[in-house]
Amino acid sequence: MGFQPVSRAPDLESVPDGPSIWVFLRGDSLLSQDPAVLPLVTDGGGLYRMLARPVFTIGTLDGVPCHAVDLGDSGDAAGADEWCKRIAPWLGQSGKAVSFVTLRQVLLATAGDSPHWRAASCARHLAEWRRTSRYCGVCGTGLVMQQSDVSYVCPSCGQQWWPRVTPAVIVAVTDGERILLGHNVAFRPGLYAPFAGFVEPGESLEEACKREVHEESGVQITGLAYHASQHWPFPGSLMIAFTARYAGGTPRADGIELSEVRWFGRDEAPPGVPGPGGMGRSLYDWFMRGGGKDEGR
Ligand SMILES: [Zn+2]
């Protein structure tokens, strides 16, 4: 059954007694007893009353209701310990058995493709949207959550505000036996990845791919093909991955975002590649499995 996202997201007025799955968020951290599995609470109603905070539903996970609560900012370590102590008994655990882990730790533990990852990713996106959607951007009036769908409405001017999903493209550029990868100045030393960037207003996905690859690496591409997509909650993107063939140009780093661009063969792995769970790694693995092999110029 997997994870089914919710189609409406007002604050809950109660949580029925009975089992429910919870995402306890503090910024981009979440309370966990096991980063690969979201906690199951037997008495969701009792926990809801103890928390005394806004709780919202994000959907169902394998048919079990899945709720999220924002426990505040992730900066305060003492606050984190206190929440662990208070929540652990509802999970049948001691305070020492639970801790806050980052969303990236959950991504690594789930390899980015489990229903638990999807639920955590969705909860983080919605929590950030709720946190940053307090006032109408047109007239400044306080917003009201709609009961009928996932949106806020302004009670004064009627403007409706939905969660923003920001599309970004990532492209594997291959030339038969080799793949072109870049080292971003923000990466750890030795890490090389496919080229990525946000889609700009007025662009198609294809145009964004061609522009990003050319800006970052100096080369032209052809034969763009859809690979896969993934919700990416850092903080609210949709990553859309493509493969493409090298079509000309001399690879060179832009010197701003990227400090190095170079070809790698299948027998010559870079010192580091993106960690499992994201589209960067998915594209690299596709290449290593022989992707793009028969498509050289
Ligand atoms: Zn307004």
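Every chain's residues receive numbers from 1 upward, in the order its sequence appears when written. Reporting of local features is limited, given that this is a predicted model, to residues whose pLDDT is at least 70; pairs of side-chain atoms are given and counted only at 80 or more, and all residues count toward the totals for whole chains, interfaces and linings.

### A look at the packing of helix α3 (residues 103-110) against helix α4 (residues 115-131)
Then, number 1: Inter-axis angles, ranging from 0 to 180 degrees, are taken between N-to-C directions of lines fitted to C-alpha atoms, where helices are fitted over the stretch in contact. Helix and strand assignments come from DSSP, with helices taken as H or I runs of at least 4 residues and strands as E runs of at least 2, each series counted from the N terminus. Contact pair α3 / α4: the axes reach a minimum separation of 9 Å and the direction vectors enclose 160°. When the axes of α3 and α4 are compared, the pair comes out roughly antiparallel. Pair α3 / α4 crosses with left-handed handedness. Here L103, V106, L107 and T110 of α3 come into contact with α4, specifically with H116, W117, A120 and R124.
Then, number 2: Gly is put with the polar residues, along with every residue not named as nonpolar or charged; the nonpolar set is Ala, Val, Leu, Ile, Met, Phe, Trp, Tyr, Cys and Pro, and the charged set is Asp, Glu, Lys and Arg. A class-by-class count of the residues in the contact of α3 with α4 yields 5 nonpolar, 2 polar and 1 charged. Here the word oblique covers every angle except those under 35 degrees (roughly parallel), over 145 (roughly antiparallel) and from 65 to 115 (roughly perpendicular). Crossing handedness is defined as follows: a turn of the near helix away from the far one that is anticlockwise and smaller than a right angle gives a left-handed crossing, while the clockwise case is right-handed. Residues are scored as being in contact if the C-beta atoms we place from backbone atoms lie within 7 Å.

### Remarks on the domain arrangement of the protein
Then, number 1: These domain boundaries are the output of an automatic or database domain assignment. For the protein, the domain assignment lists domain 1 (3-131), domain 2 (133-163) and domain 3 (166-295).
Then, number 2: Relative to domain 3, the C-alpha centre of domain 1 lies at a distance of 33 Å.
Then, number 3: Counting residues per element, the ones that place at least two in the side of domain 1 that touches domain 3 are α3 and α4.
Then, number 4: For the side of domain 1 that touches domain 3, the leading source of residues is α4, giving 6 residues.
Then, number 5: For the side of domain 1 that touches domain 3, the residue count by class is 6 nonpolar, 4 polar and 2 charged.

### Quick look at the nonpolar core
Within soluble globular proteins, side chains that are nonpolar tend to cluster in buried spots.
Then, number 1: Joining buried Ala, Val, Leu, Ile, Met, Phe, Trp, Tyr and Cys residues through C-beta atoms within 7 Å gives a set, and that set is a nonpolar core. The exposure scheme places C-beta atoms from the backbone and then counts, for each residue, the other C-beta atoms within 10 Å of its own, assigning buried at 20 or more, exposed at 12 or fewer, and partly exposed in between. With 37 residues, the main nonpolar core has V23, A119 and A123 as its most contacted residues.
Then, number 2: Counting residues per element, the ones that place at least two in this core are β2 (20-26), β3 (29-32), α1 (44-51), β5 (55-61), β6 (64-70), α2 (77-87), α3 and α4.
Then, number 3: Among the elements that take part in this core, α4 stands out by supplying 8 residues, more than any other.
Then, number 4: Setting aside its immediate chain neighbours within four residues, A119 contacts F3, V23, L38, I58, G59, L61 and C66.
Then, number 5: One finds I179, L180, F195 and V273 within the second-largest nonpolar core, a separate group that totals 32 residues.

### Let's talk about unusual backbone geometry
Then, number 1: A cis amide bond links F234 with the next residue in sequence, P235, at an omega value of 0°.
Then, number 2: Phi is positive for A52, close to 50°, though the residue is something other than glycine.
Then, number 3: By the secondary structure assignment, A52 is in the loop between α1 and β5.
Then, number 4: Its 7 C-beta neighbours within 10 Å are what place A52 among the exposed residues.
Then, number 5: Phi at A111 takes a positive value of approximately 55°, unusual for a residue other than glycine.
Then, number 6: Note that A111 resides in the loop between α3 and α4.
Then, number 7: On the basis of neighbour counts, which here come to 14 C-beta atoms within 10 Å, the residue A111 falls in the partly exposed class.

### Observations concerning the sheet that holds strand β10 (residues 160-161)
Then, number 1: The pairing criterion is simple: DSSP has to find at least two bridges between the two strands. Taking strand neighbours across the sheet as the criterion, the 3 strands line up as β8-β9-β10 in an open arrangement whose pairing is antiparallel. Across the chains shown, the open sheet's two edge strands, defined by having one partner strand only, are β8 (144-145) and β10.
Then, number 2: Here 2 bridges tie β8 to strand β9 (residues 152-153), and the two strands are oriented antiparallel to one another. Its bridge partner being in β9, V144 is matched across the sheet by V153.

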